[in-house]
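What follows is each chain in one-letter form.
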Amino acid sequence: MSPDILIIGAGAAGLLAARNLAQAGRRVTILEARPRPGGRIYSLGPEAGFSAPTEAGAEFLHGDVPLTRELLQAYGIPWHDTAGTTYEVSQGHARKAEAFLEEMPLLLSTLQQLSNDMPLANFLTEYFPGAEYAALRRQATAFAEGYDAADARRVSAFALREEWSGNGAEDSPRPEGGYAGLVQGLMRELEAAGAHLMLGTQVTLIEWQPGQVTVRSQDGRVFQAPQLLLTVPLGVWQAPEGRPGYLPLHPDLPGHRAAAQALGFGPVIKYLLEFEEPIWEQVSADIGQAMPELGFLFSDAAVPTWWSQQPSSQSLLTGWVAGPAAAHRQHLTPSELLTEALDSLAYLLQTTPAYLRQHLQAHQILNWGTDPLALGAYSYPTICAAEFRATLSAPVADTLFVAGEGVYSGPYTGTVEAALVTGAAAARRILQTPAPIS
Ligand SMILES: Cc1cc2nc3c(=O)[nH]c(=O)nc-3n(C[C@H](O)[C@H](O)[C@H](O)COP(=O)(O)OP(=O)(O)OC[C@H]3O[C@@H](n4cnc5c(N)ncnc54)[C@H](O)[C@@H]3O)c2cc1C
């Protein structure tokens, strides 16, 4: 029997929409290019050599995230606060860090007085000119680029003001066993409700007219339904014609594509390095600088941000490069990226890359900006983002619908919560349209 609706993408948005639509009695088929569900939720396990589930994509609950917590609770998955000491390394010297951004109070009070939105870079040049603010400008830029994966020349100062005023993001626990449990829970529910997931099905063309959609996949299969929900990442919407990831629509939706271009979507490189033991814990013949109980580490190394799995005992260090710094590394091979990560860690721990390499048990480096099915890691707010998100998520002729993290407006930009919320909203809108006649 043909479906009532096709959903492209089995990430958090697509899975939740599929579950809700199937539970409401719609016949749902999800088409997913990857060989696994979850999208940017990607938990690696023993098959990748890691001793515990290891997150290559989403890892933390950033803030209250009510829908995420509700689902985790429903699936019996607890979450645990991060723990450990935060360090800062500057010019080779490690010390305990007082705050992520020391000048935050001054920055925030100036942002509060801003009456017109502008990109962060313009704000910093205008309100904090001169050599005496060089450190503030550098730190604020690094914070926005590192945490939000944003380009300081495009990210909205108003949005950062909201974010930095605190939406609870300082409390960032991890789901026990990783986000994979959330994906498994949604999968169980949507399958029980009769939805079909077709993995390894990369959509290469969408042809549509009101009430009728024909979708073609890379391997020549054809799918038809009266309605379609697109949950592909913003990077896919932004991909230029002819480039990997580009998804053609006939007729095209130029207003939607222009809105996507006006939004921000930043790249991230996540370096997952598991060692035989937590070599950073104490000084030894080979480790010159120890960081006992390391939780997070911010530094002036080429790979500047690192964190452990505290309070878990897994000897994993995760390195993080985001925003323009990640974009500059898009051409680097995995082996060049590993070399850079080990060089950075060797500098931070006052050891040699050879020593680190010798004790490396498993590693994976995820360069999300070069993944053709994501073309970035997550979105960040540009000027007038809410308007552009509304345009991109506007339904077309009760036939085409759009969801996904990139069209979310609210306090949880760039998160799993954002994706889930848009999936639920799209399902509600679709259910307001008349059910197709069987
Ligand atoms: C490195 C990294 C770290 C992150 N950290 C966190 C975190 O700590 N906490 C948090 O809350 N969020 C985090 N996020 C963000 C979070 O992972 C995403 O916001 C969320 O998972 C996006 O879900 P989605 O359904 O919108 O998109 P996706 O998960 O990207 O799903 C879209 C799906 O569409 C598929 N697709 C694309 N093109 C096609 C095509 N042509 N045909 C068929 N299928 C296609 C993709 O394969 C993908 O599975 C992180 C993301 C990354 C990359």
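For the structure, check the block above.
Summary of the structure given here.

Rules used in this analysis
- Residues numbered from 1 in each chain as written.
- Predicted model: local features only at pLDDT ≥ 70, side-chain atom pairs only at ≥ 80, totals over all residues.
- Helix = DSSP H or I, 4+ residues; strand = E, 2+ residues; numbered from the N terminus.
- Rg over C-alpha atoms; globule rule 2.2 N^0.38 Å.
- Buried ≥ 20, exposed ≤ 12 C-beta atoms within 10 Å, placed from the backbone.
- Contact = placed C-beta atoms within 7 Å.
- Core = buried A, V, L, I, M, F, W, Y, C linked by C-beta atoms within 7 Å.
- Pairing = 2+ DSSP bridges.
- Expected span 1.5 Å × (residues − 1).
- Near = placed C-beta within 6 Å.
- Axes fitted to C-alpha atoms, helices over the stretch in contact; angles between N-to-C directions.

## Re the overall build of the protein chain
Helix and strand content of the protein chain: 14 helices and 22 strands. Taken over the C-alpha trace, the protein chain has a radius of gyration of 22 Å; the compact-globule value for 438 residues is 22 Å, and the two agree within 12%. For the protein chain, the proportion of its 438 residues judged to be buried stands at 46%. Across the protein chain, every contact between residues at least 6 apart in sequence was considered, and the portion connecting residues at least 24 apart equals 74%.

## Brief notes about the nonpolar core
Taken as a class, soluble globular proteins show a tendency for nonpolar side chains to be buried jointly. Core analysis: the biggest nonpolar cluster contains 124 residues, and Leu-6, Ala-17, Ala-18, Leu-229 and Leu-297 have the highest contact counts within it. Dropping the residues within four chain positions of it, Ala-18 is found in contact with Ile-7, Val-28, Ile-30, Leu-190 and Ala-195.

## Considering the pairing of strand β6 (residues 85-90)
Pairing analysis gives five bridges linking β6 to strand β17 (residues 294-299), with the strands arranged parallel. Residue pairing across strands places Thr-85 opposite Leu-294, the latter belonging to β17. Note: β6 against strand β7 (residues 93-96), four bridges, orientation antiparallel. If you follow Val-89 over to β7, its bridge partner there is Ala-94.

## Describing unusual backbone geometry
The amide bond that connects His-250 to the next residue, Pro-251, takes the cis arrangement and shows omega of -5 degrees. With an omega of 5 degrees, the peptide bond running from Gln-310 to Pro-311 counts as cis. Within the secondary structure, Pro-311 is located in the loop between β18 (305-307) and β19 (316-322). In this structure, Val-65 is a non-glycine residue whose phi angle is positive, near 30 degrees.

## Description of helix α11 (residues 334-349)
Compared with the 22 Å implied by 1.5 Å per residue over 16 residues, the 22 Å span of α11 between its first and last C-alpha is a close match. Listing the buried residues of α11 in full gives Leu-337, Leu-338, Glu-340, Ala-341, Leu-342, Ser-344, Leu-345, Leu-348 and Leu-349. In this fold, the buried residues of α11 make contact with β6, β16 (268-275), β17, β19, α12 (353-358) and β20 (360-367).

## Here we look at the site of the ligand
Lining the immediate environment of the ligand, one finds 41 residues, of which Gly-9, Gly-11, Gly-39, Thr-415 and Ala-419 sit closest. Elements represented by at least two residues in the shell around the ligand include exactly α1 (12-23), β16 and α14 (416-432). Take the shell around the ligand: its biggest share by element is four residues, from α14.

## Regarding the sheet that holds strand β13 (residues 227-230)
Strands sit in the order β9-β2-β1-β13-β22 across an open sheet of five strands; the sheet is parallel. Strands at the two margins of the open sheet, each flanked by one partner only, are β9 (196-198) and β22 (400-402). In this sheet, neighbouring strand axes are inclined to one another by 20 degrees on average, regardless of whether the strands run parallel or antiparallel. The pairing of strand β2 (residues 28-31) with β9 spans three bridges and is parallel. Its bridge partner lying in β9, Ile-30 is registered against Leu-197.

## Details of the sheet that holds strand β14 (residues 249-250)
An order of β12-β11-β10-β14 is seen for the four strands of this open sheet, with the pairing classed as mixed. One side of each edge strand has no neighbouring strand; the edge strands of this open sheet are β12 (222-225) and β14. In terms of strand pairing, strand β11 (residues 212-217) meets β12 through four bridges, oriented antiparallel. By the bridge assignment for β12, Arg-216 is matched with Val-222.

## Quick look at the environment of Gly-181
Note that Gly-181 resides in helix α7 (residues 180-192). Between the C-alpha atom of Gly-181 and that of Gly-76, which follows or precedes it by 105 residues, the distance is 9.1 Å. Aside from chain neighbours lying at most four places away, what touches Gly-181 is Tyr-75, Ile-77 and Pro-175.

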